[in-house]
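# Structural characterization, general
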Amino acid sequence: DAQESRGLGDVYKRQMHSDRSANMKEQKTNVMRLLEQKKIKYTPYEYPHGDDAVDGATVAAICGLDPSQVFKTLVARGASKSIYVFDVPVTGELDLKKAAKAAGEKSIAMIHVSEINALTGYIRGGCSPIGMKKQYKTFIDISAQDKKTIMVSAGKIGYQVELDPNALADMVRAKFADLVSENE
């Protein structure tokens with residue numbers, strides 16, 4: 001596969017196929033391996049970063065995508081103490097009341113950043129709905145249904161995957177729900 005520069009020039013978009021050659025040296029995350037196992041088509045993106053997460057709007061600009069296509073993965077705890085995963089556009093904000101309604105909870109609160117790794121296996125800025133330590137109930141904002149593809153973290157800062165939102169929902173057994181605050 002040929003690498004092609006995109007966006008600001010430091011981003012690489014590579015179309016992935018399940019018939020990949022074994023001696024390719026590209027960085028592959030567990031999320032990418034899981035997608036390949038399930039034979040789900042995706043496009044990986046790699047972008048320059050330091051040790052800290054890059055905000056989603058910047059990632060969208062670097063990757064040359066509409067920010068409404070780039071989704072962040074948020075982890076929350078319901079009043080019942082159950083853990084939930086919510087994927088919303090990076091340009092939006094999770095409405096906790098809508099999230100609670102979708103999850104059938106009285107209330108929902110974001111987990112503390114210090115709990116992310118223990119609950120998901122990921123770090124802040126590299127949290128993906130795919131391949132968490134446990135399969136939590138997952139909800140994707142309904143705006144994803146209008147899009148041919150969306151982008152989510154590939155499980156590591158600096159790596160994203162673009163894929164069909166319905167394929168993502170099927171893989172993580174997610175439901176689509178209205179999750180974003182109206183007052184944007």
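Notes on the structure follow.

## A word on the overall build of the protein
- Summing up its helical and strand segments, the protein has five helices and 10 strands in all.
- Within the span of the protein, comprising 184 residues, buried residues form 48% of the whole.
- Across the protein, every contact between residues at least 6 apart in sequence was considered, and the portion connecting residues at least 24 apart equals 64%.
- Total accessible area on the protein stands at roughly 9,700 Å², and carbon and sulfur atoms take up 47% of it.

## A short note on the pattern of salt bridges
- One pass over the full model with this rule turns up four salt bridges.
- In this structure, E36 and K28 form a salt bridge, with 3.1 Å as the shortest nitrogen-oxygen distance.
- Measuring nitrogen to oxygen at the nearest pair gives 2.6 Å for the salt bridge that ties E182 to K98. Of this pair, E182 sits in the segment after β10 (175–177) while K98 is found in helix α3 (residues 96–103), placing the two residues 84 residues apart along the sequence.
- Members of the salt-bridge network, linked through shared partners, are K98, D178 and E182.

## Notes on the sheet that holds strand β6 (residues 108–110)
- Taken together, the five strands give an open sheet; going across it, the order is β6-β4-β5-β7-β10, and neighbouring strands pair in mixed fashion. Strands at the two margins of the open sheet, each flanked by one partner only, are β6 and β10. Averaged over all pairs of adjacent strands, the angle between strand axes in this sheet comes to 35°, irrespective of strand direction.
- α3 rests against β5 (83–89), β6, β7 (137–141) and β10 of the sheet, and its axis sits at about 120° to β6.
- Against the sheet, helix α5 (residues 165–172) makes contact with β7 and β10, and its axis sits at roughly 165° relative to β7, the strand it touches most.

Cut-offs and rules
Residues numbered from 1 in each chain as written. Predicted model: local features only at pLDDT ≥ 70, side-chain atom pairs only at ≥ 80, totals over all residues. Heavy atoms only, no water. Helix = DSSP H or I, 4+ residues; strand = E, 2+ residues; numbered from the N terminus. Buried < 20%, exposed > 50% of the residue type's maximum accessible area, 1.4 Å probe, protein only. Contact = heavy atoms within 4.5 Å. Areas by Shrake-Rupley, 256 points an atom, 1.4 Å probe, with all protein chains shown as cover. Salt bridge = Lys/Arg side-chain N within 4 Å of Asp/Glu carboxyl O. Pairing = 2+ DSSP bridges. Axes fitted to C-alpha atoms, helices over the stretch in contact; angles between N-to-C directions.

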